[in-house]
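Overview (structure and organization)
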Amino acid sequence: MTAITILGAGVMGLCIATELAARGTLPRIIDPAGKPGSQACSWRAGGMLAPYCEAESAEPVVLRLGLDAADWWQAQGAEVIRRGTLVLAPSRDRAELDRFARLTQTHRPVSGDDIATLEPELAGRFPRGLHFATEAHLNPRAALLALRDRLEAQGIRIETEGTPAGMVVDARGLAARDQLPDLRGVRGEMLVIRCPEVTLTRTIRLLHPRIPLYLVPRGDGVYMIGATMLETGGKYRVTARSAVEMLSAAYALHPGFAEAEILELGSDARPAFPDNLPRLRRRGDTLYANGLYRHGYLLAPAVARMAADYLIEGRKPEFMDEDHP
């Protein structure tokens with residue numbers, strides 16, 4: 001078997017390395033940062049493993065390939081919280097809830113009393129919602145470090161420099177745009193707060209016609225809030241408008257968030273191809289693995305399996321472009 005070098009230690013690179021190692025091939029990993037961190041957009045992800053909810057706006061293949069993501073992450077040692085997703089909307093936006101229900105499946109309609117049973121802190125705040133009981137979430141940073149630790153235990157350490165040898169897997173995300181001209185950046189902004197006064201145990205999606213919000217519990221009163229998806233093409237700081245909108249939406253979910261401590265405001269650009277689906281693209285001795293868009297933790301395991309199957313067994317993946325110009 002030809003030696004394999006992976007460029008990039010974000011979610012794509014580490015997932016591919018994990019799949020290769022599971023097949024008995026130990027790759028090199030090169031990342032100038034030397035470890036998973038803020039250099040990768042996967043560091044600021046929500047970590048929602050929510051294939052049914054994502055089907056509201058994504059292609060059907062995203063649902064199909066994301067169904068076993070939670071099992072994959074749990075098998076790799078990540079802590080996966082399996083309490084489902086609760087989708088809510090203010091009374092004035094109930095049409096958004098009806099639209100979401102029409103476009104998705106496996107949800108259970110819930111009443112105000114049901115919502116209070118699922119999340120007592122939200123009692124009396126929403127008359128109805130949708131519960132996707134089989135969905136899950138994880139802490140992205142802890143999950144990446146879990147992959148890193150398991151790889152290190154097998155003798156695979158992240159190198160900060162070196163000359164790639166053998167087959168090269170380019171998993172650098174948006175940094176690979178110098179070789180992939182049809183790759184673009186879609187900016188996402190996020191907010192991390194601490195509010196021990198509010199206890200929520202599962203991912204909450206609050207629908208709104210203009211800026212839907214998702215809130216993911218991280219434990220110990222810490223929550224990650226995300227909402228924005230901007231076609232800006234680069235990395236910028238969080239705008240004042242986005243920060244105000246995210247905080248306002250959190251307050252609409254529960255007024256207790258008005259007293260929250262802001263721990264982090266972050267922004268990054270997620271790599272996407274024109275159809276917002278991932279690609280494996282072969283050019284000579286380089287295989288580009290990219291384009292996870294907003295589905296990093298949901299689709300990376302499936303794309304990593306495809307890459308490993310191709311590299312070791314020669315099986316052509318579902319998302320494959322060979323000798324693309």
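Structure first, text after, so check above.
Everything numeric in this text was worked out from a predicted model, so none of it was measured. (Residues numbered from 1 in each chain as written. Predicted model: local features only at pLDDT ≥ 70, side-chain atom pairs only at ≥ 80, totals over all residues. Heavy atoms only, no water.)

As for the overall build of the protein
In plain terms, the rule: A run of H or I in DSSP becomes a helix once it reaches four residues, and a run of E becomes a strand once it reaches two; helices and strands are each numbered from the N terminus. In this description the radius of gyration comes from C-alpha coordinates, and the expected globular size is given by 2.2 Å times residues to the power 0.38. Any two residues whose heavy atoms approach within 4.5 Å are treated as being in contact. Note that accessible areas follow from Shrake-Rupley with a 1.4 Å probe, and for residues the cover is restricted to the protein chains shown. When charges are counted, Lys and Arg are positive and Asp and Glu negative, with His and the chain ends excluded. Where a charge lies is defined by one atom per residue type, namely NZ (Lys), CZ (Arg), CG (Asp) and CD (Glu).
For the protein, the count of helices and strands is nine helices and 18 strands. Computed over the C-alpha atoms, the radius of gyration of the protein is 20 Å, within 12% of the 20 Å expected from 2.2 N^0.38 for a compact globule of 325 residues. Along the three orthogonal principal directions, the C-alpha set of the protein runs to about 60 × 35 × 35 Å. Long-range contacts, defined here as pairs at least 24 residues apart, represent 77% of the contacts in the protein between residues at least 6 apart. For the protein, the accessible surface area stands at approximately 13,900 Å², while carbon and sulfur atoms represent 50% of it. A gap of 2 Å separates the mean positions of the 39 positive and 40 negative side-chain charges of the protein.

Some remarks on the pairing of strand 11 (residues 184–194)
For the record, the criterion: Working definition: with a 1.4 Å probe on protein chains only, accessible area under 20% of the residue-type maximum means buried, over 50% means exposed, and in between means partly exposed. Note on pairing: DSSP must find at least two bridges between two strands before they are called paired.
With nine of eleven residues buried, strand 11 is to be regarded as a mostly interior element. Summarising the sheet, strand 11 and strand 15 (residues 261–272) pair through eleven bridges and their orientation is antiparallel. Within the sheet, the bridge partner assigned to I193 lies in strand 15 and is I262. With five bridges joining them, strand 11 and strand 14 (residues 222–226) adopt antiparallel strand pairing. Looking at the pairing, M190 lines up with G226 of strand 14.

Details of a nonpolar patch on the surface
Rules: By definition, no residue in a patch forms a salt bridge, and every one has over 30% relative accessible area; like charges are joined within 9 Å, nonpolar side chains (Val, Leu, Ile, Met, Phe, Trp, Tyr) within 5 Å. Salt bridges are identified by distance alone: a Lys or Arg side-chain nitrogen within 4 Å of an Asp or Glu carboxyl oxygen.
A cluster of nonpolar side chains, L247, I262 and L265, forms an exposed patch at the surface whose accessible area comes to about 250 Å². Tracing the backbone shows I262 in strand 15.

Points about the nonpolar core
As a reminder of what qualifies: Within this scheme, the nonpolar core is defined by two criteria: the residues are buried Ala, Val, Leu, Ile, Met, Phe, Trp, Tyr or Cys, and they are joined through side-chain atoms within 4.5 Å.
One finds I6, I16, I29, L49 and W73 to be the most contacted residues of the largest nonpolar core, which totals 54 residues. When residues in this core are grouped by element, the largest group, twelve residues, is from helix 9 (residues 296–313). Excluding residues within four positions of it along the chain, L49 makes contact with A69, A70, W73, V80, E135, A136, H137, L138, Y297 and L298. With 25 residues, the next largest nonpolar core counts L122, I204, I225 and A250 among its residues.

A look at helix 8 (residues 240–253)
Applicable threshold: To estimate how far a helix should extend, the number of its residues minus one is multiplied by 1.5 Å. Summarising the geometry, the arc corresponds to the directions from the helix axis toward the C-beta atoms.
The first and last C-alpha atoms of helix 8 sit 20 Å apart over 14 residues, in line with the 20 Å expected at 1.5 Å per residue. Looking at helix 8, one finds that the buried residues are S242, A243, E245, M246, A249, A250 and L253. When helix 8 is viewed along its axis, its buried side chains cluster within an angular range of 165° and face the same direction. Turned more than 90 degrees off the buried face of helix 8, the exposed positions are A240, R241 and V244. Structurally, helix 8 contributes buried residues whose contacts are with strand 5 (85–88), strand 11, strand 12 (203–206), strand 13 (213–219), strand 14 and strand 15.

Here we look at the side chain of D31
Stated formally: Each polar contact in these results corresponds to two N or O atoms within 3.5 Å; when the atoms are within protein, one needs to be able to donate a hydrogen and the other to accept it, and residues that are neighboring in sequence are counted only if both atoms are side-chain atoms.
For D31, the location among the structural elements is in the loop between strand 2 (28–30) and strand 3 (48–49). At 2.8 Å, the side chain of D31 and the backbone nitrogen of A9 are in polar contact. Setting aside anything within four residues of it in sequence, one finds D31 in contact with G8, A9, Q39, I158, E159 and T160.

Examining the layout of surface pockets
Applicable threshold: Only protein atoms enter the calculation, which uses a 1 Å grid: trapped sets of points that fit a 1.4 Å probe without letting it out are cavities, open sets showing protein on both sides within 12 Å along at least five of seven lines are pockets, and any residue with an atom within 4 Å of a point is a lining residue. Grid points are joined across faces, edges and corners, and a volume is the space filled by probe spheres set on the points.
As a volume, the largest pocket reaches approximately 840 Å³. The wall of the largest pocket is formed by 46 residues, among which V11, A40, C41, S42 and P271 lie closest to the centre. Contributing elements (two or more residues each) for the lining of the largest pocket: helix 1 (11–22), strand 11, strand 15, strand 17 (286–290) and helix 9. For the lining of the largest pocket, the leading source of residues is strand 15, giving five residues.

Worth remembering: the numbers are spatial, not functional.
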